[in-house]
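Architecture at a glance
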Amino acid sequence: METKGKTAIILGATGLVGSVLLQCLLHDGRYQKIILFSRTSVGIQDSKLDEVLCDVLALEAQLDKFWADEVFCCIGTTKAKTPDKVLYKKIDYGIPVAAAKLCSLNQIHTFIVVSALGADASSAIFYNRIKGEMERMVQQFNIPKIHMVQPSIIGGDRNEQRPGEFFFKKLMSFFGFLLVGPFKKYRVIHPDSIAKAMVWLANNTYTNQRIASDTLKELAVHGTS
């Protein structure tokens with residue numbers, strides 16, 4: 001199923017997962033062009049790279065530029081970074097849904113989006129519910145290949161301070177091995193595993209649309225073999 005000379009779009013290339021994904025695609029010979037849609041530049045010079053600086057909250061205005069073989073959506077915020085729930089929904093729900101709509105309109109056949117473990121449209125927890133509603137909505141569009149990756153706590157260094165998350169990561173580094181069987185998916189996952197799994201999913205046939213954290217780690221190994 002591998003094809004050379006492909007074009008990929010990344011949304012959220014300045015984030016933790018998106019930045020790793022960008023490096024994966026830049027070094028992958030199957031991809032000829034990588035288009036980024038974002039508010040700010042990633043500050044990288046590469047012949048493969050094309051940056052479209054725009055208001056991603058108004059992504060549908062970019063219909064004429066939104067052409068690719070695959071779209072990777074790594075957009076996401078946090079309660080600490082975006083305490084306004086209206087704005088939070090515009091980011092975590094609105095941008096992925098707009099991207100899926102553009103995929104459908106421009107007949108882009110592959111859409112892979114970063115969701116979250118615990119995403120559930122019927123959840124009483126606002127943040128889980130938003131992710132679940134996003135997943136449910138993107139599936140309504142006419143896109144042949146959709147995958148929603150559901151990482152647990154993401155390891156790695158972020159630009160912003162998250163004391164609670166930092167403590168949890170440290171705790172999990174010592175006791176994560178105790179999470180086995182159905183609880184294995186709650187172990188910390190690193191952004192390179194998520195990114196490699198997303199690239200593998202884009203280039204191979206995989207049945208499940210929702211993919212939990214422990215499975216992402218397994219797919220990432222395939223992606224490096």
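Higher on the page you've got the structure.
Residues numbered from 1 in each chain as written. Predicted model: local features only at pLDDT ≥ 70, side-chain atom pairs only at ≥ 80, totals over all residues. Heavy atoms only, no water.

Section: the pattern of salt bridges
We count it as follows: Counted as salt bridges are all cases of a side-chain nitrogen of Lys or Arg within 4 Å of a carboxyl oxygen of Asp or Glu. Type-normalised accessible area, obtained with a 1.4 Å probe on protein chains alone, sets the label of each residue: buried when under 20%, exposed when over 50%, and partly exposed for intermediate values. A helix here means a DSSP run of H or I that spans at least four residues, while a strand means a run of E at least two residues long, and both kinds are numbered starting from the N terminus.
All chains considered together, the criterion is met by eight salt bridges. With a shortest N-O distance of 2.6 Å, R30 and D28 are connected by a salt bridge. On the basis of relative accessible area, R30 is assigned to the buried category, the value being 15%. A relative accessible area of 13% places D28 in the buried class. Across the pair K101 and E60 runs a salt bridge whose closest N-O atoms are separated by 3.2 Å. In this pair, K101 sits in helix α2 (residues 85-105) while E60 sits in the loop between β3 (49-53) and β4 (70-73), placing the two residues 41 residues apart along the sequence. Here E60 falls in the partly exposed class, since its relative accessible area comes to 43%. Salt bridges linked by common partners bring K89, R129 and E133 together as one network.

A closer look at helix α1 (residues 16-26)
Note the threshold: Note on contacts: a residue pair is in contact if any heavy atoms of the two residues lie within 4.5 Å.
For α1, every residue scored as buried is listed here: L16, V17, G18, L21, L22, L25 and L26. Looking at the buried residues of α1, the elements they touch are β1 (6-11), β2 (31-38), β3, β4, β5 (110-114) and α5 (191-203).

Some points on the environment of T207
Within the secondary structure layout, T207 lies in the loop between α5 and β7 (210-212). Residue class for T207 comes out exposed when judged on its relative accessible area of 74%. Residues T207 and I146 lie 61 residues apart in sequence; the distance between their C-alpha atoms is 9.8 Å.

Let's talk about the pairing of β2
A regular strand carries its side chains on alternate faces of the sheet. As a reminder, the rule being used: Strand pairing is defined by DSSP finding a minimum of two bridges between the two strands. For the handedness criterion, the strands are oriented away from the viewer, and a crossover whose path from the first strand over the helix to the second runs clockwise is classed as right-handed.
Among the eight residues of β2, six are classified as buried, and the element is accordingly described as predominantly covered. The pairing of β1 with β2 spans six bridges and is classified as parallel. Pairing of L11 across the sheet is with F37, part of β2. A crossover links β1 with its parallel partner β2, the connecting element being α1, and its sense is right-handed. Note: β2 against β3, five bridges, orientation parallel. Paired with L36 across the bridge in β3 is E51.

Quick word on the sheet that holds β3
Just so we agree on the cut-off: Fitted lines through C-alpha atoms give the axes, limited to the stretch in contact for helices. The angle between two N-to-C directions lies from 0 to 180 degrees.
Reading across the sheet, the seven strands line up as β3-β2-β1-β4-β5-β6-β7 and stay open at both edges, with parallel pairing between neighbours. Among the strands making up the open sheet, the edge pair consists of β3 and β7. If you compare each strand with its neighbour and ignore which way they point, the axes differ by 20° on average. With three bridges joining them, strand β6 (residues 145-150) and β7 adopt parallel strand pairing. Along β7, the bridge assignment pairs V149 with I211. Along the sheet face, α5 touches β1, β2, β4, β5, β6 and β7 and points at about 165° away from the line of β6.

Focus on α2
Where we set the bar: To estimate how far a helix should extend, the number of its residues minus one is multiplied by 1.5 Å. The angle between axes fitted to the seven residues ending at a residue and the seven residues starting there is what we call the bend at that residue.
Between its first and last C-alpha atoms α2 spans 29 Å; for 21 residues at 1.5 Å apiece the expected length is 30 Å, and the two agree. If you look at α2, its biggest bend is around 35°, right at G94, and the proline P96 turns up within four residues after that. Within the span of α2, buried status applies to Y88, I91, D92, I95, P96, V97, A98, A99, A100, L102 and C103. The secondary structure elements touched by the buried residues of α2 are β1, β4, β5 and α3 (126-138).

Structural notes on the packing of aromatic side chains
What counts here: Each Phe, Tyr or Trp ring (for Trp, its six-membered ring) is paired with any other whose centre lies within 6.5 Å, and the angle between the two planes then decides the class: stacked below 30 degrees, edge-to-face above 60, tilted in between. Whether a charge lies above a ring is judged from NZ of Lys or CZ of Arg, which has to be within 6 Å of the ring centre and within 35 degrees of the ring normal.
Overall, the coordinates contain five aromatic pairs when judged by the stated rule. A ring pair is formed by F37 and F66, whose centres lie 5.2 Å apart and whose planes are at 45°; its orientation type is tilted. Taken together, the residues F37 in strand β2 and F66 in the loop between β3 and β4 connect sequence positions 29 residues apart. Here F37 and F66 have matching classes, each one buried. Centroid distance F126 to Y127: 5.0 Å. Interplanar angle 90°. Geometry classified as edge-to-face. Linked through ring pairs, Y88, F126 and Y127 together constitute an aromatic cluster. Above the ring of F126, the side-chain terminus of K85 is found at 4.9 Å from the ring centroid. The aromatic ring of Y93 is capped on one face by K89, whose charged end is 5.2 Å from the ring centroid.

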